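Inside the fold
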Amino acid sequence: MTTDETIKITGQYVLKTYGRKPFAFENGKGVLMYNLEGEEYLDFNSGLGVNALGHCHPVVSNIIKNQAEKIIHTSNLYHISSQAALAEKICKHCFGERVFFCNSGTEAVEGALKFARKWGNTQEKPKTEVVAFKNSFHGRTFGALSATMQEKYRKGFEPLLDGFAEAIFNDTASVDNMVTDKTAAIIIEPLQGEGGVNFATRSFIKYIENVCKEREVLLIVDEVQCGMGRTGKLFAYEHFGITPDIMTLAKPIAGGLPIGAVVTGPRVWPVINPGEHASTFGGNHFVTGVACGVFDILSDSQFLKDVEEKGEYLAARLGEIAKKFDSIKEVRGKGLLMAVAVDFNASDAVEYFERQHILICTAGPSVIRFIPPLIVTRDDIDRVVETLERFLSER
Ligand SMILES: Cc1ncc(COP(=O)(O)O)c(C=O)c1O
């Protein structure tokens, strides 16, 4: 099939939920992708944060091959050794004590909301409500969408679920206003991705942790986009020195295979009993077998240090460009999830980059987002920053 044929048949048979770009990629190696006609592109989107190890990483490809020849799925009627091993690895690296596995980010958030509700309903005075933040993005299913405080995602799907209040990101007073005796949980992305790449301040997250302690509320960190090494720490909450009660993970954990995880701490897991939540595919041999190998690479301290340094390099290089062009309003983000806020339509930049065979994306109408594979090199970063500079001087 050619790209044109793919576009035509997609239009005819695939439900149009996506505004797709006119590209169809067929191969990938490291940070590079090749379209159906064999043309090369530099991938600075990493499948929206999924391909942390780039495309067809040899270790990942090998584990996939081996696992595919052993066993793929048995269901959670039985024990699954690779699921057990992955849960142990995750818990040994964070606050978590028990993990629930599912298949996507939105499903992980859904699980987190259910576990928080269950916890709230076991309190002396039941607590059932959730506080989420302006510009948050937690997913597309009804619970996750109800916690997603962006009109563009909610519009047309009302009524959403009751019991979700909106506070302002990085604004402590608004948290005070929104938390009530009925609040079961506060859900926050420590680094908002889809909402514009906004990194929470340390004092804000600390404040929230304190509110949660004092008012008997659970703290849920949604690390679907910012977790698993993306910010230079294995988990983004580590930047703030806090201990959440629940953490959601997804995108990169299984090297491109669908997976989600809800990590629960000591206040939460004891209230969940067999039969109260489930997923047919969740944590099957295939995905968790692969994820164990991916986790070992992403959690390696040298790997994380490298991500941190490359993130600092990208931030510094973008900072240099920002000094030269008034059209850049801000450089923000953390690690290898960085963005520049601009005073023009960010899609213009994306299209310019695409003409140079570099794939980037937006995070809102005036935010250019960079979310490359974590294996990116300084040379790749230079190429992207130089392209941005050329674009800004030519426009
Ligand atoms: C922070 C966050 N939570 C949840 C989700 C939903 O994940 P998924 O698309 O896998 O359902 C996303 C997706 O971008 C996300 O960035």
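Residues numbered from 1 in each chain as written. Predicted model: local features only at pLDDT ≥ 70, side-chain atom pairs only at ≥ 80, totals over all residues.

Here we look at the overall build of the protein
Regarding its fold elements, the protein presents 13 helices and 17 strands. A globule of 395 residues ought to have a C-alpha radius of gyration of about 21 Å, and the protein, at 21 Å, matches this closely. Along the first, second and third principal axes, the C-alpha set of the protein runs to 65 × 55 × 45 Å. The buried share of the protein, reckoned over its 395 residues, is 47%. Long-range pairs, those at least 24 residues apart, make up 72% of the contacts in the protein with a sequence separation of at least 6. (Helix = DSSP H or I, 4+ residues; strand = E, 2+ residues; numbered from the N terminus. Rg over C-alpha atoms; globule rule 2.2 N^0.38 Å. Buried ≥ 20, exposed ≤ 12 C-beta atoms within 10 Å, placed from the backbone. Contact = placed C-beta atoms within 7 Å.)

Focus on the domain arrangement of the protein
Reports often express the size of an interface as the amount of accessible area lost when the parts come together. Looking at the protein, the domain boundaries give domain 1 (3–56 + 301–394) and domain 2 (60–298). Computed over C-alpha atoms only, the centres of domain 1 and domain 2 are separated by 26 Å. Taken residue by residue, the interface counts 25 residues in domain 1 and 25 residues in domain 2. Looking at the side of domain 1 that touches domain 2, the elements with two or more residues in it are helix H2 (46–49), helix H11 (301–324), strand E13 (328–334), strand E14 (337–342) and strand E17 (367–370). The leading source of residues in the side of domain 1 that touches domain 2 is H11, at 5 residues. Its residues placed into classes, the side of domain 1 that touches domain 2 shows 14 nonpolar, 7 polar and 4 charged. (Domains from an automatic or database assignment. Nonpolar A, V, L, I, M, F, W, Y, C, P; charged D, E, K, R; others polar.)

Remarks on the nonpolar core
Grouped together as the largest cluster of nonpolar side chains are 110 residues, with contacts concentrated most on Ala116, Leu218 and Ala261. Sorting elements by how many residues they give to this core places helix H10 (residues 285–298) first, with 8 residues. Counting contributing residues, this core receives three or more from each of domain 1 (3–56 + 301–394) and domain 2 (60–298). (Core = buried A, V, L, I, M, F, W, Y, C linked by C-beta atoms within 7 Å.)

Here's the deal with the site of the ligand
Around the ligand sit 14 residues, and of these Gly105, Thr106, Gly139, Val224 and Gln225 come closest. Looking at the shell around the ligand element by element, the count peaks at 3 residues for helix H5 (residues 105–121). When grouped by side-chain class, the residues that make up the shell around the ligand number 4 nonpolar, 7 polar and 3 charged. (Near = placed C-beta within 6 Å.)

Some remarks on the packing of H11 against helix H13 (residues 378–394)
The geometry of H11 relative to H13 is characterised by a closest axis approach of 10 Å and an angle of 20° between their N-to-C directions. Taken together, the axes of H11 and H13 lie roughly parallel to each other. The way H11 lies across H13 gives a crossing that is right-handed. On H13, the residues that touch Lys310, Tyr313, Leu314, Arg317, Leu318 and Ile321 of H11 are Arg378, Ile381, Val385, Leu388 and Glu389. (Axes fitted to C-alpha atoms, helices over the stretch in contact; angles between N-to-C directions. Parallel < 35°, antiparallel > 145°, perpendicular 65-115°, else oblique. Left-handed = near helix turned anticlockwise from the far one by under 90°.)

Quick notes on the sheet that holds strand E2 (residues 32–35)
Sheet architecture is open: 4 strands sit in the order E1-E2-E3-E15, paired in mixed fashion. Looking along the sheet, the strands with just one partner apiece sit at the ends: strand E1 (25–29) and strand E15 (358–359). With 4 bridges joining them, E1 and E2 adopt antiparallel strand pairing. What sits directly across from Asn27, in E2, is Tyr34. (Pairing = 2+ DSSP bridges.)

Observations concerning the pairing of strand E4 (residues 98–102)
The element E4 is largely enclosed, with a buried count of 4 among its 5 residues. Pairing geometry for E4 and strand E12 (residues 260–264), over 5 bridges, is antiparallel. Within E12, the position partnered with Phe100 by the bridge is Val262.

Overview of the packing of helix H4 (residues 81–92) against H10
Between H4 and H10, the shortest axis-to-axis distance is 8 Å and the interhelical angle comes to 35°. With respect to the hand of their crossing, H4 and H10 are arranged in left-handed fashion. Contact residues: Ser82, Gln83, Ala85, Leu86 and Lys89 in H4; His285, Thr288, Gly289, Ala291, Cys292 and Phe295 in H10.

Examining the sheet that holds strand E6 (residues 164–167)
Taken in spatial order, the 7 strands of this open sheet run E4-E12-E11-E10-E7-E5-E6, and their pairing is mixed. Edge positions in the sheet fall to E4 and E6, since each has one partner strand and no second. The average angle at which neighbouring strand axes cross in this sheet is 20°, direction not considered. Here strand E7 (residues 183–188) pairs with strand E10 (residues 218–222) via 4 bridges, running parallel. When the bridges of E10 are listed, Ile188 appears paired with Val221. The sheet strands contacting H5 are E4, strand E5 (129–133), E7, E10, strand E11 (246–249) and E12, and the helix crosses E12 at an angle near 25°.

Description of H13
Here H13 contains 17 residues, and its C-alpha end-to-end distance of 24 Å stays within 8% of the 24 Å for a straight helix at 1.5 Å per residue. All of the buried residues in H13 are Asp380, Ile381, Val384, Thr387, Leu388 and Leu392. End-on, the buried residues of H13 take up no more than an arc of 130°, which puts them together on one face. Those residues of H13 that are exposed and aimed more than 90 degrees away from the buried face are Arg378, Asp379, Arg390, Ser393 and Glu394. Those residues of H13 hidden inside the fold are in contact with strand E3 (40–43), H11, helix H12 (346–355), E15 and E17. (Expected span 1.5 Å × (residues − 1). Arc of directions from axis to C-beta.)

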